[in-house]
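Coordinate inspection notes
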Amino acid sequence: MPLDIWLEIFRLLAPIDLLHLARSTKPFRETLMSRSTALQIWRHSREQCHPDLPSPDDIISEPAWINLFFYNRCHFCVKTVRRSIDSFDLGIRICPKCVPSALLPVGMVPPEDKMFVPLIPSFFWVLNKVQQTVVYRPHLDAVKHHFQALNTEVEQKLYIEKRHEYCSQWQDLAEQGSDWYEEMKWERQKTRQDVRECRKLLINTRLIQMGFKDELDDRSCATALEKHPFIRQSHPLTDEAWEKNCPTMETFMTSLRLQRLARVRNAVVTERRKLAVDFMHKVKTVDMPVREGGTDLVMKTDPAAPDWFQFPVIHEILERPNDHRVEDVTFSAALPQVLHDMIKWSTGLHESLFRVLAKDGIPVQSNSHLALACCVVTCRTCSLPLFYPDVLYHPCNTIGVASEEDYKADYKESEAHRNYNDLSNWFAYTTRCVRRPWTAEDLCVDLHLTKIVHEVIGLVGLDPQTTRVKDLDALSVYFHYLDCVPLDPPNMIVKPGTWPGKLNDYYRELSRTIPKEKFRWPMNYYFGWRKFVLHLYQTKFSGTLVKGGNVVLVDEKLHVEQLKKKAKGSFSDPDGWLCTSCCGTSMEMMPANQFLVKMHIEYCHRKEDEKQRERVDYFRHPNIASEISRSSLAVLK
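Here the structure is a predicted model, which means the values were calculated and not measured. (Residues numbered from 1 in each chain as written. Predicted model: local features only at pLDDT ≥ 70, side-chain atom pairs only at ≥ 80, totals over all residues. Heavy atoms only, no water.)

A short note on the pattern of salt bridges
If you walk through the whole model with that rule in mind, you get 18 salt bridges. Residues K200 and E226 are paired through a salt bridge, measuring 2.6 Å at the closest nitrogen-oxygen approach. With K200 in helix α8 (residues 153-209) and E226 in helix α10 (residues 219-226), this pair connects stretches of sequence that are 26 residues apart. Given a relative accessible area of 38%, E226 falls into the partly exposed group. Residues D239 and R206 are paired through a salt bridge, measuring 3.1 Å at the closest nitrogen-oxygen approach. Of the two residues, D239 sits in helix α12 (residues 239-287) while R206 sits in helix α8, which places them 33 residues apart along the sequence. (Salt bridge = Lys/Arg side-chain N within 4 Å of Asp/Glu carboxyl O. Helix = DSSP H or I, 4+ residues; strand = E, 2+ residues; numbered from the N terminus. Buried < 20%, exposed > 50% of the residue type's maximum accessible area, 1.4 Å probe, protein only.)

So, in structure tokens, the structure goes:
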């Protein structure tokens, strides 16, 4: 075929097609790389297909300029695909494997070749985790060989000047090429995005025809659909492609429908649970106490939300169909059945305690036996002695560790109203603790603790086999243990800034510099019987208590009042107070002393006006024992 015809054909090709054609055969290469015949062909092709691409002029050849922008292979190994230009300053595409071989840091250039570095382009590159100036080895070798091939100094000087001029012109051309390349990438991305949007619109239209309109209107389903590989493709949708992938899309949309229905169901149940919790709060604060089976035994604890939701009548209301209307009146109408379920639930708690005591050979047949002081159990989690009925509302019985999935869902739901100034909220957050149905799996009998209780009962002259917890609570007695040398004040709550608090801080620092056997606290401690048992159990007491020997009893009311006056504020406020705002909710706190409850209200339930601040938002638990049994005194010696 005549050359003129070939040249006319070449003028109709794109620049990248000319480049591929020149690399196909030697005749084509000789024709397309000839400066005399092919220069206009390359220029015409570039201006026709990419009119905004800057002209290389005489700085670089047209094929090399086209090769930089449109040939997506590594310029060093010509194997690895590189879809972006790594450095316009060097004018190369290079793969990570070739970087150590192709790039040479300026500091590692041999001394005899240092003079050639200013004659070639350089670039700041992160090499070996260090940003340093590098040069392209083929550029350095080419300039070096050309310079060494010159015979006279005049030719070498002219060559150096020419290379300096080339570097300056190349820097300007590289900036223009970089700007055009970034603009081309943005236009290409915009075009691909438009194609995706058109494809998405066509697919959504066909999905609506298949009956998935509700899923497309749901935000979560729409987001999941956008991430599907069939949607994200950047080429137009064809009928053949849709017919091939239609079963897959139908299966995927069916799974999204099931997830949407599950979310709708969870939202309905959540709203009903809020009404159920409000109803539980009303029952606890208004309709309680409940009497069991016509007896005089008052219900000792209230069910938490997890137990409340498991009541048959409450569970039946929560699980009604979505279209069934559930209101406050719906739960109020079920009050008689709810009270019956509460009595049944309370009976189950007592039967659980019977089984715990029976494991260690303590036969218990009725609730009256549980009320004996010798029927004491301990918690494996916190190692606290627990008497009836305190054991029923012990925190560890209703707190468990949530699974990873349940914890994330609970955290997202409650994140808005969490206040991390509250220590209990922070603890629940860090350990993934959640409320769970009441269980006695952490309760056990400790024979050493039982022996201590027997010793304490013997000190007050009562029979351990018949003495009830109420009998000990009715005593106005403080126990002073003469052999006790505590390292810290025993469970004493003091206000910051008062003299007991400052004194405790001072002696606590002092105790770190004095040997343990020589250090003595400058206070005498007097315990209520519950605090006394707790103190002996925590200090691992193993001796014998002798009234008038190592234990002194302060059993006259006048003496007790005198001790309180001498304590001057170091009186330990007994537990038993609850927050009204948290009662019946998922954040319900366990009985604590009045000082901690007030702090909780101050930080977690801040009031907007003075009238609300003055209102009392805490109350005393009706089943908490007397004040003296749960308190302690610290009297200065």
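Notes on the sheet that holds strand β5 (residues 385-386)
A sheet is described by the order of its strands in space; here three strands give the open sequence β5-β4-β8, paired in antiparallel fashion. The open sheet has two edge strands with one neighbour each: β5 and β8 (443-444). (Pairing = 2+ DSSP bridges.)

Topic: the environment of F311
Tracing the backbone shows F311 in the loop between α13 (305-310) and α14 (312-318). With residues near it in sequence (within four places) discarded, F311 still touches P303, V338, D341, M342 and W345. (Contact = heavy atoms within 4.5 Å.)

Re the packing of aromatic side chains
On inspection of all chains with the given rule, the structure shows 21 aromatic pairs. Measuring from centroid to centroid gives 5.6 Å for F88 and Y181, while their planes differ by 65°, and the two rings are edge-to-face. Of the two residues, F88 is situated in the loop between α5 (62-70) and α6 (99-102) and Y181 in helix α8; the sequence distance between them amounts to 93 residues. A relative accessible area of 11% places F88 in the buried class. Given a relative accessible area of 5%, Y181 falls into the buried group. Here F279 and W308 contribute two aromatic rings whose centre-to-centre distance is 5.9 Å and whose plane-to-plane angle is 55°, an arrangement assigned as tilted. Of the two residues, F279 is situated in helix α12 and W308 in helix α13; the sequence distance between them amounts to 29 residues. Site record: aromatic cluster; members linked through ring pairs are W65, F69, F70, F88, W170, W180 and Y181. Lying across the ring of Y71, R23 places its NZ or CZ 4.4 Å from the centre. (Phe/Tyr/Trp six-rings, centres within 6.5 Å; stacked < 30°, edge-to-face > 60°. Lys NZ or Arg CZ within 6 Å of the ring centre and 35° of its normal.)

Focus: the side chain of R46
Along the chain, R46 turns up in helix α4 (residues 35-49). Its relative accessible area of 3% is what places R46 among the buried residues.

Digging into the sheet that holds strand β3 (residues 130-136)
In spatial order, the strands read β1-β3-β2; together these three strands make up an open sheet with antiparallel pairing. Sheet topology places β1 (103-105) and β2 (122-127) at the edges, where each strand pairs with a single neighbour. Pairwise comparison of adjacent strand axes, ignoring direction, gives a mean angle of 55° for this sheet. Here β2 pairs with β3 via six bridges, running antiparallel. Within β3, the residue paired with V126 across the bridge is Q131. (Axes fitted to C-alpha atoms, helices over the stretch in contact; angles between N-to-C directions.)

Re the nonpolar core
W308 and I314 are the most contacted members of the largest nonpolar core, which has 41 residues in total. Elements that contribute at least two residues to this core include exactly α12, α13, α14, α16 (335-359) and β4 (377-379). Residues contacting I314, with those up to four places away along its chain left out, are A276, F279, W308, F309, F331 and V338. (Core = buried A, V, L, I, M, F, W, Y, C linked by side-chain atoms within 4.5 Å.)

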